[in-house]
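Remarks on the overall topology
Okay, here's what each chain looks like letter by letter:
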Amino acid sequence: MSHSDDTLLLANVSRRGLLKGLAGGSALLLAARWDLGLANEQAQFGAGAMPGGWVDNPNVFIHIDSDGLVTIINNRAEMGQGIRTSLVMVAADELGADWKQVRAQQADADQDKYGNQNTDGSRSMRHWYQPMRRAAAAARQMLEQAAANQWNVPVHEVRTGIHKVEHPGSGREIGFGDLASAARELEVPGRDALVLKPDSELRFIGKESGLINGELKSAYPKAIDGKDIVTGKAIFGADIDLENTLYAVVARPPVYGATVKSVDDSEALKVAGVKKTVRIEGTGQPAAFSPLGGIAVVATNTWAAMEGRRALKIEWDNAPAGDNADYTSDDYRKALETAAQSPGKVIRQSGDVEAALEEAAQRVSATYYMPHMSQAPMEPPVAVVRIKNGEAEAWAPVQHPRATREGIAGLLEMEAANVTVHQTLLGGGFGRKSKPDFVIEAARVASEFEGQPIKLQWSREDDIQHAYFHAVSVDHLEAGLDEDGNATSWRHRTLSPSITSLFAPDPKHKGEFELGMGFNTMPFSIPAIRLENPPAPAHVRIGWFRSVYNLPHAWAIQSFAHEMAVAAGRDHRDYVLDLLGPGREVHNLTVGDGWNYGEDPDLYPIDVARMRRVIERATEEAGWGRETKKGRGLGLAFHHSFVSYTAIVFDVEVDDDGKLTIHRADIAFDCGPQANPERIRAQMEGSCVMGIGIALQSEVTFKEGVAQQDNFDKYLIPRMPDAPEVVRVHLIDNPNDAMGGVGEPGLPPVAPALCNAIYAATGKRIRRLPVGNQLS
């Protein structure tokens, strides 16, 4: 990224936007004079290429009060992944702050001030690790300069201790709080003058446990919100209750694209507590982040609003929905399976696949299915909005604050500057809360009640039936093997509706970013490869779901590689290592991937050596190759996603009645440098359990356009007995590569590894998810 090196850089931030952001600063904050340095050219990759870019301004992120309290601003959504702790920890470590005197403050929606705030794509730490360290290093050096000035000594004679600056030569020291006022008068050091702490001086970053002050204890600070969460004090979206609040729920069209033909709300208005009904106009198709439409019922409490909704008599018009009203899952699956037998749009090709298949000593083929799923976060969508005197204020658990702010502004036809969005803690997100349709619904209802807060609540039924669904998928694969079982050809056809159908007329083909999630980046070294994408139309809202299209691609590719190994009579681990070939770096453009998760392919190539390493580590730790009794087996899968590498081995047992027990999971993970190993382990463990649910239970089906599951009695998620008895996470120490993602890459290999283990235990091949009763 090209930039001027003589100042700290604010990428894509205007001078006006910066000055407005600083105008409200406290007198005791580190609000030093700031010499702007803007990028000389638009960043092509990484954080700088994101809308709003990145900011490393200490004035924006670090506030120090006169009593020494350090407030560090977190600009990313906290939804259980621990980013509020992790980013604050990174800054506190670089600053030299005492963790007991640090607090986190959540940023409101303000992309001009805080840089990109859209929390998705497993990019929060990899995009914000360096900016937060630079901001903290600048603040630390300003404190050191302020102390040196006060003592009238050269700045190189002072150093930062824990929450204080010291002068070893004289034994003098002074706390951060006592220096804040003087530090604010100083120029912010240029980026070329910044000196980040060496690893030997870091207390938190990259640490899990060790000998600290003679005691063996965790070196990682306690989670900022941990105690409040487990004691019920943390504030999630559902916890916002303002004075004089009214409560709303919405009756939405059961079929995507349908509208209200007529409504009789007379009985609803008779329900005690119901105040009013409000029509919400939908935008039709494509819906983007706009509401689906329907009728809102507003009441003095949520229960009354729900009872009022039950009393509504609505006639829906399915004509605007077109053939969405005929959408039935079984029929759609069969249509995709039929389409998968014919050629599709060619995405990647090398060698002559047809000739190689014809000449093969053995041919292997299989078709795999993955259903729709709902994100189903623990906290269903909820938002509070108040509109008063031409301004709107919202409180909501959103992953995408800018889209929320702009969506409200667009609906109400006001400037975004007149919209304030307070981002609460999220009770889970998984991609669902990247889409702020539920906040825009609340704004529409609030527009009918000037000055009065409206809390609009989705029920679990609303959440599951009106989700932005994970795409259904069918993948058909064929391979040719020679006399020794070696792969000579590989043909893969993948069919799924595209997320781009949310924003434009349905392209019926996956977009570049969707294909780049493990499809055209398939790393096997096979002489003849042909990858195709036949059409698949969308009939529901398709949206981001944790790991997105990596899920079906990994499910199909990793399952099929195992089938090839079985057909070849070879050990699965040895076979896939042969498929991968020797350690090497594959440039993404050479396989037709121009996306690469938005990252620089020179920094983030497909590194086969790293992929081999996680396979070898996971299988070694799991005791791969050991003898197992009847009904018990080991299964392996691996995947590269979000520029990180994951492999997992399951040890499972299936009894004569088909009962599955998962004895153990061994997960090897390489994300490059590890800022917060404790949270990395937690993400891998959580991915393992969520992936087990995807493999065994979770499915949304449709009949005539209507979702057939509406709560956890029908949309099944894993319970405690479904989890492995033991989960072991093996982090690969790899500090010299570029930092990768963590929140999502643990999920894609789970389902194929589990189903491969089931095959090893039973000889039963699973090609359709969820497993459900297929073991009975």
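Residues numbered from 1 in each chain as written. Predicted model: local features only at pLDDT ≥ 70, side-chain atom pairs only at ≥ 80, totals over all residues. Heavy atoms only, no water.

**Some words on the domain arrangement of the protein**
Per the domain assignment, the segments making up the protein are domain 1 (5–201), domain 2 (237–321 + 381–457) and domain 3 (329–374 + 468–762). Each of domain 2 and domain 3 was reduced to a C-alpha centroid, and the two centroids are 37 Å apart. With 15 residues of domain 2 at the interface, the matching set in domain 3 holds 16 residues. Taken together, both faces of the contact between domain 2 and domain 3 bury some 1300 Å²; the carbon and sulfur share is 65%. Area buried by domain 2 at its contact with domain 3 is led by Tyr 256, Phe 430 and Lys 435, which between them contribute 41% of it. Applying the counting criterion to the domain 2 and domain 3 interface returns one salt bridge. Close ionic contact of Arg 541 with Asp 437 constitutes a salt bridge, the shortest N to O distance being 3.3 Å. (Domains from an automatic or database assignment. Contact = heavy atoms within 4.5 Å. Buried area = accessible area lost by both parts, 1.4 Å probe. Salt bridge = Lys/Arg side-chain N within 4 Å of Asp/Glu carboxyl O.)

**Things to note about the sheet that holds strand β22 (residues 528–533)**
Read from one edge of the open sheet, five strands run β14-β22-β21-β20-β15, paired in mixed fashion. The two strands at the open ends of the sheet, each matched to only one other strand, are β14 (345–350) and β15 (362–370). Taken over all neighbouring pairs, the strand axes of this sheet differ in orientation by 10° on average, direction set aside. The pairing of strand β20 (residues 473–481) with strand β21 (residues 487–495) spans eight bridges and is antiparallel. Across the sheet, Asp 475 pairs through a bridge with Thr 494, a residue of β21. (Pairing = 2+ DSSP bridges. Helix = DSSP H or I, 4+ residues; strand = E, 2+ residues; numbered from the N terminus. Axes fitted to C-alpha atoms, helices over the stretch in contact; angles between N-to-C directions.)

**Details of the side chain of Asp 670**
Assignment of secondary structure puts Asp 670 in strand β27 (residues 660–670). Overall, Asp 670 belongs to the buried group, its relative accessible area being 0%. Within the structure, Asp 670 has its side chain in polar contact with the side chain of Arg 610 (distance 2.9 Å). A polar atom in the side chain of Asp 670 sits 3.1 Å from the side chain of Asn 734. Ignoring anything within four residues of it in the chain, the contact list for Asp 670 reads Arg 610, Arg 613, Val 614, Ser 644, Tyr 645, Ile 732 and Asn 734. (Buried < 20%, exposed > 50% of the residue type's maximum accessible area, 1.4 Å probe, protein only. Polar contact = N/O pair within 3.5 Å; in protein donor to acceptor, adjacent residues only side chain to side chain.)

**Some thoughts on the packing of helix α16 (residues 572–580) against helix α17 (residues 608–622)**
In the contact formed by α16 and α17, the axes pass within 10 Å of each other and the chain directions differ by 175°. In terms of orientation, α16 and α17 fall into the roughly antiparallel class. Here Arg 573, Val 576, Leu 577 and Leu 580 of α16 lie close against α17, whose contacting residues are Val 608, Met 611, Arg 612, Ile 615, Glu 616 and Thr 619. Of the residues assigned to the contact of α16 with α17, the class counts are six nonpolar, one polar and three charged. (Parallel < 35°, antiparallel > 145°, perpendicular 65-115°, else oblique. Nonpolar A, V, L, I, M, F, W, Y, C, P; charged D, E, K, R; others polar.)

**Concerning the pairing of strand β5 (residues 164–167)**
Summarising the sheet, strand β4 (residues 159–160) and β5 pair through two bridges and their orientation is antiparallel. Of the residues in β5, the one forming a bridge with Thr 160 is Val 165. In textbook terms, the turn of a hairpin is the stretch between consecutive antiparallel strands, and for β4 and β5 this stretch comprises three residues, one of which, His 163, has a positive phi near 65°. As judged from the four bridges shared by β5 and strand β6 (residues 172–175), these two strands associate in the antiparallel manner. Its bridge partner lying in β6, Glu 166 is registered against Glu 173. Where β5 folds back onto β6 in an antiparallel hairpin, the turn is made up of four residues, including Gly 171, whose phi is positive at roughly 80°.

**With respect to the nonpolar core**
Counting 119 residues, the largest nonpolar core has Trp 490, Phe 524, Phe 560, Met 564, Phe 650, Leu 660 and Leu 754 as the members making the most contacts within it. Among the elements that line this core, the one with the most residues is helix α15 (residues 550–568), at nine residues. Every residue in contact with Met 564, bar those within four places of it in the chain, is listed here: Ala 479, Leu 481, Ala 487, Trp 490, Tyr 575 and Leu 579. Of all hydrophobic cores here, the second largest spans 54 residues; its members include Val 102, Leu 143, Trp 151 and Ala 183. (Core = buried A, V, L, I, M, F, W, Y, C linked by side-chain atoms within 4.5 Å.)

**Re the packing of helix α3 (residues 83–95) against helix α5 (residues 124–151)**
Where α3 meets α5, the axes come as close as 7 Å, and the angle between the chain directions of the two elements is 35°. When the axes of α3 and α5 are compared, the crossing they make is right-handed. Two secondary-structure elements touch here, α3 through Ile 83, Ser 86, Leu 87, Val 90, Ala 91, Glu 94 and Leu 95 and α5 through Ser 124, Met 125, Trp 128, Tyr 129, Met 132, Arg 133, Ala 136, Ala 137, Ala 139, Arg 140 and Leu 143. (Left-handed = near helix turned anticlockwise from the far one by under 90°.)

**Section: helix α18 (residues 677–696)**
A turn of α-helix holds 3.6 residues, and therefore any two residues three or four places apart point the same way. With 20 residues, α18 should cover 28 Å at 1.5 Å per step; its first-to-last C-alpha distance of 29 Å lies within 8% of that length. Across the 20 residues that make up α18, a large majority, 14, are buried. (Expected span 1.5 Å × (residues − 1).)

**Points about the pairing of strand β18 (residues 419–423)**
Burial runs high along β18: four of the five residues are buried. Relative to β18, strand β17 (residues 391–396) is paired through five bridges, and the arrangement is parallel. Its bridge partner lying in β18, Ala 396 is registered against Gln 423.

**Things to note about the sheet that holds β6**
If you trace the three strands from one edge of the open sheet to the other, you get β4-β5-β6, paired in antiparallel fashion. With one partner strand each, in any of the chains shown, β4 and β6 form the two edges of the open sheet.

**What to know about the pattern of salt bridges**
Here the structure, examined in full by the defined rule, presents 50 salt bridges. The closest approach of N and O atoms between Lys 261 and Glu 315, which form a salt bridge, is 3.8 Å. You can see Lys 261 sitting in strand β10 (residues 259–264) and its partner Glu 315 sitting in strand β13 (residues 313–317), a full 54 residues away along the chain. Its relative accessible area of 53% is what places Lys 261 among the exposed residues. Classification of Glu 315 as partly exposed rests on a relative accessible area of 41%. Taken together, the salt bridges that share partners define one network made up of Arg 617, Glu 621, Arg 664, Asp 666 and Arg 728.

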